[in-house]
Amino acid sequence: MELKIIESANKKAKPSGALGFGKYFTDHMFVMEYSDGKWHDARIQPYAPFSLDPSTAVFHYAQAIFEGTKAYKNKAGEVRLFRPRDNFLRLNDSGDRICIPPVDVDFVLDSLRKLVLMEKEWIPSDEGTALYIRPSIIATDNTLGVHAARNYIFFIILSPVGAYDAHGPEPVGLYVEQEYVRASKGGTGHHKVAGNYAASLKAGEKAVKMGYDQVMWLDAKEHKYVEEVGSMNIFFVIDGKAVTPMLGGSILPGVTRRSVIEFFKSEGIPVEERLVPIKEVIDGIVSGKCTEIFGTGTAAVISPVGKVCYGGKDYVVGGGKMGKLSKLAYDGITGIQTGRVPDRFGWVEKISEE
Ligand code: COI
């Protein structure tokens, strides 16, 4: 497929000061459409709203999927992508779960490279910043019948970002949710499906109202095992080992999660992917066996957890500060992403005009 490029005639001013997360968008976006059984009309065009009929399927039945990845620019001006292919492969996997047709991964990757290079002036280079990349697919049939749509829009928008949490890289507080659940086996929790996030909002608002940053989700059946956190996967350091809930069909297979596991193993740190009872975590914090907790995600990066609220009681972990393994993961992963640390895994793709 040919990629058409339509340059914007009205370039926006770049943001100054703290970027926050997902507040600013660049001058261009990638768009392509699906109809009559194929993707077509791929283009990089000026960033602009879509005009959609009120009957559009995605508004009613949430047939929508998305991804999150980042481009980094280091002080030398090098533009780097981190495992972007993994995100497009996961996008197709999510699409399969809710009947969205797959995209050609090589084609969209190539289009993404072109888009990011066009917008390279927007990539921030300060510590903790990046250009967040949000590919999404929405169903665009105009009908109220409940069925898999025949028409879709795929788009990629770009946003210069800083820390995901409003208070920056400081340790976050998590509220262990014991009433609502995020996902059950056989559902869509294993996929990056927009509806998963709608289902999480009520508990998220409750947690924030109570003074916590995000929800720690337990399994839907027994409310006994930790699954993941609002916008990230979760790791515990228990008896010196990095322990993370195993992927059992209701947990998102995070790219950062996988990277931390591979990175720790290569550093000789024992990693366990297994069921993690919340009781083990709480008892471990009390006894001193659980010394650190941190979240992982593209948006969240490596996010230290300072306290956990369970059963109405707060448990402070690691003195409320970032621990040793959390810092090792942060330095290792962000170091590889930005080029401070050599990429011995082949995760980074440097992109340039030539
Ligand atoms: C990401 O980390 O990229 C996410 O998609 C999480 C969240 C912002 C929805």
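Caption draft 1: Expanded view of the overall build of the protein. Within the protein, the secondary structure is distributed over seven helices and 18 strands. For the protein, the C-alpha radius of gyration of 20 Å lies close to 20 Å, the compact-globule estimate for 354 residues. Summarising its shape, the C-alpha atoms of the protein cover approximately 60 × 50 × 35 Å along the three principal directions. Taken across its 354 residues, the protein has 51% of its residues classed as buried. Taking the intrachain contacts of the protein between residues at least 6 apart in sequence as the baseline, contacts between residues at least 24 apart amount to 70%.

Caption draft 2: Fine view of a nonpolar patch on the surface. Residues Tyr 61, Leu 144 and Val 146 make up a contiguous nonpolar surface patch of about 330 Å² in total accessible area. Taking relative accessible area as the criterion, Leu 144 reaches 52% and is therefore assigned exposed.

Caption draft 3: Quick look at the pattern of salt bridges. A full pass over the atoms with the stated rule returns 26 salt bridges. Note that Lys 114 and Asp 110 form a salt bridge whose closest N and O atoms lie 2.9 Å from each other. Of this pair, Lys 114 and Asp 110 are both found in helix 3 (residues 105-118), four residues apart, which corresponds to roughly one turn of the helix. Accessibility expressed as a relative area gives 34% for Asp 110, which makes it partly exposed. Overlapping salt bridges, with partners in common, bring together Arg 83, Asp 86, Arg 258 and Glu 262 in one network.

Caption draft 4: Expanded view of the site of the ligand. If you check the shell around the ligand, you find Phe 66, Gly 68, Tyr 132, Arg 134, Tyr 164, Lys 192, Tyr 197, Ser 231, Thr 298 and Ala 299 and nothing else. With respect to the ligand, the side chain of Tyr 132 contributes an N or O atom lying 2.5 Å from an oxygen atom. Measuring from an oxygen atom of the ligand, one finds a backbone N or O atom of Ala 299 at 2.8 Å. Bound to the protein, the ligand loses 90% of the 280 Å² it would expose on its own. Considered class by class, the residues forming the shell around the ligand number five nonpolar, three polar and two charged. When we break the shell around the ligand down by domain, the ones giving at least three residues each are domain 1 (4-161) and domain 2 (172-334).

Caption draft 5: Here's a closer look at the side chain of Glu 292. Within the fold, Glu 292 resides in strand 15 (residues 290-297). Buried within the structure, Glu 292 lacks any salt-bridge partner; Lys 324 is the closest side chain of opposite charge, at an N-O distance of 6.9 Å. Within the structure, the side chain of Glu 292 is placed 2.9 Å from the backbone nitrogen of Leu 325, a separation counted as a polar contact. Discounting chain neighbours no more than four positions away, the residues touching Glu 292 are Phe 235, Phe 236, Val 237, Val 317, Gly 323, Lys 324, Leu 325 and Ser 326.

Caption draft 6: Molecular detail of the pairing of strand 17 (residues 313-316). Bridge analysis of strand 16 (residues 301-310) against strand 17 gives four bridges, and the strand direction is antiparallel. Bridging across to strand 17, Cys 309 finds its partner in Asp 314. A loop of two residues connects strand 16 with strand 17, the two strands running antiparallel in sequence, and Gly 311 in this loop sits at a positive phi of about 60 degrees.

Reading the values: the criteria
- Residues numbered from 1 in each chain as written.
- Predicted model: local features only at pLDDT ≥ 70, side-chain atom pairs only at ≥ 80, totals over all residues.
- Heavy atoms only, no water.
- Helix = DSSP H or I, 4+ residues; strand = E, 2+ residues; numbered from the N terminus.
- Rg over C-alpha atoms; globule rule 2.2 N^0.38 Å.
- Buried < 20%, exposed > 50% of the residue type's maximum accessible area, 1.4 Å probe, protein only.
- Contact = heavy atoms within 4.5 Å.
- Patch = residues over 30% accessible without salt bridge, like charges linked within 9 Å, V, L, I, M, F, W, Y side chains within 5 Å.
- Areas by Shrake-Rupley, 256 points an atom, 1.4 Å probe, with all protein chains shown as cover.
- Salt bridge = Lys/Arg side-chain N within 4 Å of Asp/Glu carboxyl O.
- Near = heavy atom within 4 Å.
- Polar contact = N/O pair within 3.5 Å; in protein donor to acceptor, adjacent residues only side chain to side chain.
- Nonpolar A, V, L, I, M, F, W, Y, C, P; charged D, E, K, R; others polar.
- Domains from an automatic or database assignment.
- Lys, Arg positive; Asp, Glu negative; His and termini not counted.
- Pairing = 2+ DSSP bridges.

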